[in-house]
Amino acid sequence: MLETEVQRRRVLPYHLRKPVEPERPFSYTIRPVRAEDVPWVQEIYNYYVANSSVTFGERPMSLVEWKRKYELLQRFRMPFLVAESPSGQLLGYALCAPIAERRAARTVAENSIYLGPAATGKGLGRALMAALIDASRAAGIRELIAIIADRGAEASIKLHRDFGFVETGRMGRVGYKFGRHLGSIMMQKSLRKR
């Protein structure tokens with residue numbers, strides 16, 4: 001067929017076109033984690049293991065390891081929340097883990113928030129952080145600790161600052177991933193009533 005024989009596709013006038021469905025708003029529900037959520041949590045975390053330096057983990061965590069972690073957090077009554085889409089997909093999670101299994105440290109916890117790649121930049125991290133702080137207070141946690149990679153985690157550092165976490169220290173070259181040395185920034189927020 002010659003080029004001159006090809007007809008351009010005709011564009012219909014606006015009044016004859018099929019209406020374009022508006023994009024649905026980003027929505028979710030934050031709720032406590034359930035045992036059946038653990039594989040989805042594992043998938044979200046392992047994405048960051050493979051693709052970023054926000055976690056120093058170099059190998060994916062197995063489902064057995066995640067189930068043990070879930071059971072430990074349940075036993076210690078630590079907050080563990082998930083954000084779920086209206087269709088039932090897990091979009092992210094937030095949890096607190098004891099910094100030590102000693103009774104004297106029972107009111108101090110390290111927080112972690114991870115979002116699925118498609119859920120970033122939409123305010124979900126802020127919503128999970130607010131819910132996690134509320135759940136931590138309700139659980140009797142007095143101090144929240146964040147240990148954040150010093151490279152590639154600028155959004156996490158800003159999020160923690162926005163919620164009143166203050167930097168309490170830095171450690172340089174304590175991790176090595178993707179061919180480079182990484183440090184960590186420690187941040188802390190007191191949940192005690194003044």
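A brief look at the structure comes next. (Residues numbered from 1 in each chain as written. Predicted model: local features only at pLDDT ≥ 70, side-chain atom pairs only at ≥ 80, totals over all residues. Heavy atoms only, no water.)

Turning next to the nonpolar core. In this structure, Trp66, Phe80, Tyr93, Leu144 and Phe165 are the most contacted members of the largest nonpolar core, which totals 45 residues. Looking at this core, the element that brings in the most residues is strand β3 (residues 90-98), giving seven residues. Excluding its chain neighbours within four sequence positions, the residues that come into contact with Phe165 are Asn111, Met129, Ile133, Leu144, Ala146, His160, Met187, Gln188 and Lys189. (Core = buried A, V, L, I, M, F, W, Y, C linked by side-chain atoms within 4.5 Å. Buried < 20%, exposed > 50% of the residue type's maximum accessible area, 1.4 Å probe, protein only. Helix = DSSP H or I, 4+ residues; strand = E, 2+ residues; numbered from the N terminus. Contact = heavy atoms within 4.5 Å.)

The next subject is the pairing of strand β4 (residues 108-115). Counted residue by residue, β4 has six buried out of eight residues, so it is predominantly covered. Note that β3 and β4 share seven bridges and pair antiparallel. Across the sheet, Cys96 pairs through a bridge with Asn111, a residue of β4. Between the parallel pair β4 and strand β5 (residues 143-149), the chain is carried across by helix α3 (residues 124-138), and the sense of this crossover is right-handed. (Pairing = 2+ DSSP bridges. Right-handed = clockwise from strand over helix to strand, strands pointing away.)

Take the sheet that holds β4 next. Strands sit in the order β1-β2-β3-β4-β5-β7-β6 across an open sheet of seven strands; the sheet is mixed. What marks the edges here is a single partner per strand, and that holds for β1 (29-32) and β6 (166-177). Pairs of neighbouring strands in the sheet enclose a mean axial angle of 25 degrees, with direction left out of account. Relative to β3, helix α1 (residues 38-51) is tilted by about 85 degrees, and along the sheet it contacts β2 (80-84), β3, β4 and β6. Across the sheet, α3 is in contact with β1, β2, β3, β4, β5 and β7 (180-190); its angle to β4 comes to roughly 155 degrees. (Axes fitted to C-alpha atoms, helices over the stretch in contact; angles between N-to-C directions.)

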